[in-house]
Amino acid sequence: MFDELLRAWDGEEVVVRYDAPSGTWMFVCVHSTALGPAAGGTRMKTYAHLRDALADGLRLSSSMTRKNAVAGLPLGGGKAVLSVPEIPNGEARRSLLLRYADVVESLHGTYWTACDMNTSPADMDVLGERCSWVFGKTEAHGGSGTSAPATADGVFVGIRASAKHAFGTDDLSGRTVLVQGVGAVGSILARLVTDAGARVIVTDLDEIRAKELAVEVDGDVVAPEDVIGSECDVFSPNATGGVLSSESIPRLRCRIVAGAANNQLAEPEDAERFAEHEILYAPDYVVNAGGIIHLASLEMLGETVEERDARIAAIGETVTEVFRIADAENISTEQAADRIVQQRLAESAR
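Reading the values: rules and limits
- Residues numbered from 1 in each chain as written.
- Predicted model: local features only at pLDDT ≥ 70, side-chain atom pairs only at ≥ 80, totals over all residues.
- Heavy atoms only, no water.
- Helix = DSSP H or I, 4+ residues; strand = E, 2+ residues; numbered from the N terminus.
- Areas by Shrake-Rupley, 256 points an atom, 1.4 Å probe, with all protein chains shown as cover.
- Lys, Arg positive; Asp, Glu negative; His and termini not counted.
- Charge placed at Lys NZ, Arg CZ, Asp CG, Glu CD.
- Buried < 20%, exposed > 50% of the residue type's maximum accessible area, 1.4 Å probe, protein only.
- Contact = heavy atoms within 4.5 Å.
- Phe/Tyr/Trp six-rings, centres within 6.5 Å; stacked < 30°, edge-to-face > 60°.
- Lys NZ or Arg CZ within 6 Å of the ring centre and 35° of its normal.
- Salt bridge = Lys/Arg side-chain N within 4 Å of Asp/Glu carboxyl O.

**With respect to the overall build of the protein chain**
In step 1: Looking only at helices and strands, one finds eleven helices and eleven strands in the protein chain.
In step 2: Once the C-alpha set of the protein chain is aligned to its principal axes, its extents read approximately 55 × 50 × 45 Å.
In step 3: For the protein chain, the accessible area works out to roughly 14900 Å², and carbon and sulfur atoms hold 48% of it.
In step 4: Here the protein chain contributes 31 positive and 52 negative side-chain charges, whose respective centroids are spaced 2 Å apart.

Rendered as structure tokens:
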């Protein structure tokens, strides 16, 4: 079932555990420890096929290697997926998380985990009862809390750097930003770009949430099915991945794509499609690194809030360097970002 996926993967190891009491399959994917312990969130999700759960973990762990490397953090890449029959609550959830914590603890620090889809700082508190390798616990339990504001800050910095490259100025006044997905990160981002003078269009599968935020920021709402093709200056995907494809990219009516969603490209070759449509793509793992920067800076490196903020601000410099390399070498921005990643991995090896 998994052999084809694992043969095509270039990571280090995968830990698989079946949790009989809950019917959950646990996958801990350690892609790289070249720069330090592998780090990445724990995703809890119901999948149509078990193979999809492992594929998600493998793909996301690889992205975390790139994200942590390009952010200049002493961390490798990893990801965990809890493939659940249904999202648990109450004591069933707590019991599952404790058993999962035992799995992470058994790796003795090879993998550090944090929040991801359908997991929260409160869940990290539960993991912390049995596991030492946990980022993002609540402040009451010795953690730094949610990383969502830092993620949004990083995307905002990335959008401004992209605007500088595309329009000659990072001033967002009068620009239109379409924020797809207004959850923990997207809602904060919508407020940030509004405060910077931009007009905001929001969309979300939760229609009420989208409408309430639109009222708050004096913006507009577009239906989820109408996002691709809506005219804007900046399209910011902040929901699920895979939204940028051979089918959707030609239909985009924007100048810039920059958002927090992981794995935005449906296929790697989709990175080549933006140039022919004069769209500037800021690679997702470059601009959405604010969250892991927040966690690593405050909880692992012992830095101050000011030092953390300086690291997040540096995302703008990295985005600018990505665009410079892409222009100079006539390659996609995804390839340019990967050049930076490979350089840092090579320097570590030396």
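**Examining the environment of Gly-229**
In step 1: Of note, Gly-229 is situated in the loop between β8 (220-221) and β9 (234-237).
In step 2: The class for Gly-229 is partly exposed, based on a relative accessible area of 23%.
In step 3: Along the chain, Gly-229 and Glu-307 lie 78 residues apart, while their C-alpha atoms are 40 Å from each other.
In step 4: With sequence-adjacent residues up to four places away left out, Gly-229 is seen in contact with Arg-251 and Arg-253.

**Section: the packing of aromatic side chains**
In step 1: Counting across every chain of the model gives six aromatic pairs.
In step 2: Measuring from centroid to centroid gives 4.9 Å for Tyr-18 and Trp-25, while their planes differ by 50°, and the two rings are tilted.
In step 3: With a relative accessible area of 43%, Tyr-18 lands in the partly exposed category.
In step 4: The positively charged end of Arg-175 is found above the aromatic ring belonging to Phe-167, 3.7 Å away from the centroid.

**Here's the deal with the pattern of salt bridges**
In step 1: Scanning the entire structure with this criterion turns up 23 salt bridges.
In step 2: Here Asp-170 ties to Arg-160 by a salt bridge, and the two come within 3.1 Å at their closest N and O atoms. A residue pair is termed long-range when its members are at least 10 positions apart, and Asp-170 in the loop between α5 (148-167) and β6 (176-180) and Arg-160 in helix α5 qualify at ten residues.
In step 3: Given a relative accessible area of 31%, Arg-160 falls into the partly exposed group.
In step 4: Among the salt bridges present, the one from Arg-324 reaches Glu-321, with a minimum N-O distance of 2.8 Å. Remark: Glu-321 and Arg-324 occur in helix α10 (residues 305-329); sequence separation between them is three residues, near one turn of the helix.
In step 5: A residue is classified by how much of its surface remains accessible, and Glu-321, at 31% relative accessible area, is partly exposed.

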